[in-house]
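Report on the structure
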Amino acid sequence: MTIVRLSCAVNNYHWGKPGLSSKAAQFAATNPDVTIDPTQAYAELWMGTHPSGPSKVYGTDTKLSTLIEKDPTGALGPLVEREFGARLPFLFKVLSIETALSIQAHPDKALAERLHHERPAVYRDDNHKPEMSIALTQFTAMSGFRPLEQVAGFLDAYREFRALVPRSADEFGEIVSASSSADEGEKKAALRRLFAELMSANGDDVAAQLDHLVKRISQPKSGHSLPVVDELVLRLSTEYPGDVGVFCVFMLNVLQLSPGEAFYMGPNDPHAYLFGDCIECMATSDNVVRAGLTPKMRDVDVLVDMLTYDFGTPHSKLLEPTVFSHGTCGRSVVYDPPIDEFAVACTRLLPDQEETVEPLQGPQIVIVVQGSGRLTSSSGADDSSFDVHPGCVYFVYPGTSYTLRAVADSKDSGGQGQQQQLVAYAAFCLA
């Protein structure tokens, strides 16, 4: 075998988009066994071997994990097997977000091992969970701490925010004002004290101040549009009334991504997805430390202690793609975060264009997200060939070369077939 088509699990978390407005649902519907309920939320399509949502060989009950277990060297490649064992080292997803996900961070490897040892019922494995997200639609998220001057400005401009951090606000403002003389350690320490006080604020006080804030900004001056942070406060306070996480818009960068733009979330880096559809890839782990915008368990002390308190502009959080050296026609780019478990390539083709991907030493999972065409393997005696359209997912064995070719499809592009691109994303690991 060189290429195997997969059927993938879709889940119904409350924060997902309804029915076929969800990209996860649209892609899951390519499986004839899946019926989409327009009243149901569809949040994530999982592509991989995670036991909570295992992918299967299309049209069968055989799990992808079973194929890997039968021949780990053949399915993963010797380098990946040596580095990560007989398991796929990444989980690939499509997320469709209607309601914001939690303010969260993922532990580094050392902290993951300690948390798993101390509380295995909460932190169920000992692995880290770096993540990368690539926008499929207009996508809004929070990631990393804002420049300190912006946070100080919000403390002055939003009295409700300041009221929740009375012990640390003045000191924080003084350190920011004296930024030329304060060293990096002092700035991070002040940021930590401010964030810790906010996230530990009394729940009744938070609810009262948020109510005041919402009432005040709901009445903008005539002829003035609402600032982005005000729009987010109103949206998030509707989704999570009285939640301290709403105030995090004053401390964390707000990213507004267009399709194809990406950002990386390393260990101990605070973030939250707010709205839109994205491709996501991560190391295989369930470890999440939450502290706001969630009905789930919050572990505020751990979150406050684990963060690096790095700060910077929204642009500093973006991950710029580079030319994918394994694409022989120059029509692919790669998003390559600073970790070993995964990278993601993106191929974009106009009708009649093609891209050949040279053999890689590790496994790949490919999903077509737009357009139609053909995927053909040209490795060995197994010349597999598939008609592809949005939602088709494939596992590509190490050492396999394949070609993607786009065709015009008026159905898929609303009558604009000659302009419709074929877009495919491929998660891979080279170890």
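Residues numbered from 1 in each chain as written. Predicted model: local features only at pLDDT ≥ 70, side-chain atom pairs only at ≥ 80, totals over all residues. Heavy atoms only, no water.

1. Digging into the overall build of the protein chain
A count of helices and strands for the protein chain gives 12 helices and 24 strands. Taking 22 Å as the expected radius of gyration for a compact globule of 431 residues, we find that the protein chain reaches 23 Å, a close match to that expectation. Expressed as lengths along the three principal axes of its C-alpha atoms, the size of the protein chain is roughly 70 × 50 × 40 Å. Of the contacts made within the protein chain by residues no fewer than 6 positions apart, 77% connect residues no fewer than 24 positions apart. Accessible area for the protein chain stands at about 17900 Å²; split by element, carbon and sulfur atoms hold 49% of it. In the protein chain, 35 positive and 54 negative side-chain charges are present, and the distance between their average locations comes to 3 Å. (Helix = DSSP H or I, 4+ residues; strand = E, 2+ residues; numbered from the N terminus. Rg over C-alpha atoms; globule rule 2.2 N^0.38 Å. Contact = heavy atoms within 4.5 Å. Areas by Shrake-Rupley, 256 points an atom, 1.4 Å probe, with all protein chains shown as cover. Lys, Arg positive; Asp, Glu negative; His and termini not counted. Charge placed at Lys NZ, Arg CZ, Asp CG, Glu CD.)

2. Focus on the pairing of strand E5 (residues 44-47)
Of the two faces of E5, the one carrying Glu-44 and Trp-46 and the one carrying Leu-45 and Met-47 are both buried. Sheet topology note: the strand E2 (residues 9-11)/E5 ladder contains three bridges and is antiparallel. If you follow Val-10 over to E5, its bridge partner there is Leu-45. (Buried < 20%, exposed > 50% of the residue type's maximum accessible area, 1.4 Å probe, protein only. Pairing = 2+ DSSP bridges.)

3. Concerning unusual backbone geometry
Apart from glycine, the bulk of residues carry a negative phi angle, and the bulk of peptide bonds sit in the trans form. We note that Leu-293 has phi near 55°; this positive angle belongs to a residue other than glycine. Note on placement: Leu-293 falls in the loop between strand E14 (289-292) and helix H12 (300-306).

4. With respect to the sheet that holds strand E1 (residues 3-7)
Spatially, eight strands are ordered E6-E1-E22-E19-E24-E17-E16-E15 in an open sheet, and the strand pairing comes out antiparallel. In the strand order of this sheet, the two ends are held by strand E6 (56-57) and strand E15 (322-323), each with one partner. The pairing of strand E19 (residues 364-370) with strand E22 (residues 393-396) spans four bridges and is antiparallel. Opposite Ile-367, over in E22, you have Val-393 as the bridge partner.

5. Some thoughts on the nonpolar core
Within soluble globular proteins, side chains that are nonpolar tend to cluster in buried spots. Counting 58 residues, the largest nonpolar core has Met-142, Phe-172, Phe-195 and Phe-250 as its most contacted members. Per-element accounting of this core gives the leading share, six residues, to helix H9 (residues 184-199). Phe-195 has contacts with Phe-145, Cys-248, Met-251, Leu-303, Val-304, Leu-307 and Tyr-309, leaving out every residue within four places of it along the chain. Membership of the second largest hydrophobic core comes to 43 residues, among which are Leu-76, Ile-279, Tyr-425 and Ala-427. (Core = buried A, V, L, I, M, F, W, Y, C linked by side-chain atoms within 4.5 Å.)

6. Considering the sheet that holds strand E20 (residues 372-377)
If you walk across this open sheet you meet the four strands as E18-E23-E20-E21, and the pairing is antiparallel. The strands lining the two open edges of the sheet, one partner per strand, are strand E18 (354-357) and strand E21 (385-388). Each adjacent strand pair in this sheet contributes to an overall mean axis angle of 15°, direction not counted. Sheet topology note: the E20/E21 ladder contains four bridges and is antiparallel. Along E21, the bridge assignment pairs Thr-376 with Ser-385. (Axes fitted to C-alpha atoms, helices over the stretch in contact; angles between N-to-C directions.)

7. Let's talk about the environment of Pro-270
As for its placement among the helices and strands, Pro-270 is situated in the loop between strand E12 (262-265) and strand E13 (271-283). Not counting residues up to four positions away in its chain, the partners in contact with Pro-270 are Gln-104, Ala-105, Met-142, Ser-143, Gly-144, Phe-145, Leu-252 and Leu-307.

8. Some remarks on the layout of surface pockets
Reported here for the largest pocket is a volume of approximately 740 Å³. Tyr-13, Lys-129, Val-288, Arg-290 and Lys-296 are, among the 36 residues lining the largest pocket, the residues nearest its centre. Mapped onto the lining of the largest pocket, the elements with two or more residues apiece are E5, strand E7 (90-97) and E13. By residue number, the principal contributor to the lining of the largest pocket is E13, which donates five residues. Among the residues forming the lining of the largest pocket, the class breakdown is 17 nonpolar, 10 polar and nine charged. As for the second largest pocket, its lining consists of Ala-157, Tyr-158, Arg-216, Ile-217, Gln-219, Pro-220, Lys-221, His-224, Ser-225, Leu-226, Pro-227 and Asp-230. Looking at side-chain class alone, the lining of the second largest pocket contains six nonpolar, three polar and three charged residues. (1 Å grid on protein atoms, 1.4 Å probe; cavity = no way out; pocket = protein on both sides within 12 Å on 5 of 7 lines; lining within 4 Å. Points joined across faces, edges and corners; volume = space filled by probe spheres on them. Nonpolar A, V, L, I, M, F, W, Y, C, P; charged D, E, K, R; others polar.)

9. Quick look at the pattern of salt bridges
Between side chains of opposite charge, a pair can form when the charged atoms approach closely. Across all of its chains, the model carries 20 salt bridges by this definition. With a shortest N-O distance of 3.4 Å, Glu-44 and Lys-93 are connected by a salt bridge. Here the residue Glu-44 occupies a position in strand E5, and Lys-93 occupies one in strand E7, the gap between them amounting to 49 residues. For the pair formed by Glu-44 and Lys-93, the shared burial category is buried. The shortest N-O distance in the salt bridge between Asp-310 and Lys-188 comes to 2.6 Å. Here the residue Asp-310 occupies a position in the loop between H12 and E15, and Lys-188 occupies one in helix H9, the gap between them amounting to 122 residues. On the basis of relative accessible area, Asp-310 is assigned to the partly exposed category, the value being 44%. One salt-bridge network, in which partners are shared between bridges, spans Asp-156, Arg-162 and Asp-170. (Salt bridge = Lys/Arg side-chain N within 4 Å of Asp/Glu carboxyl O.)

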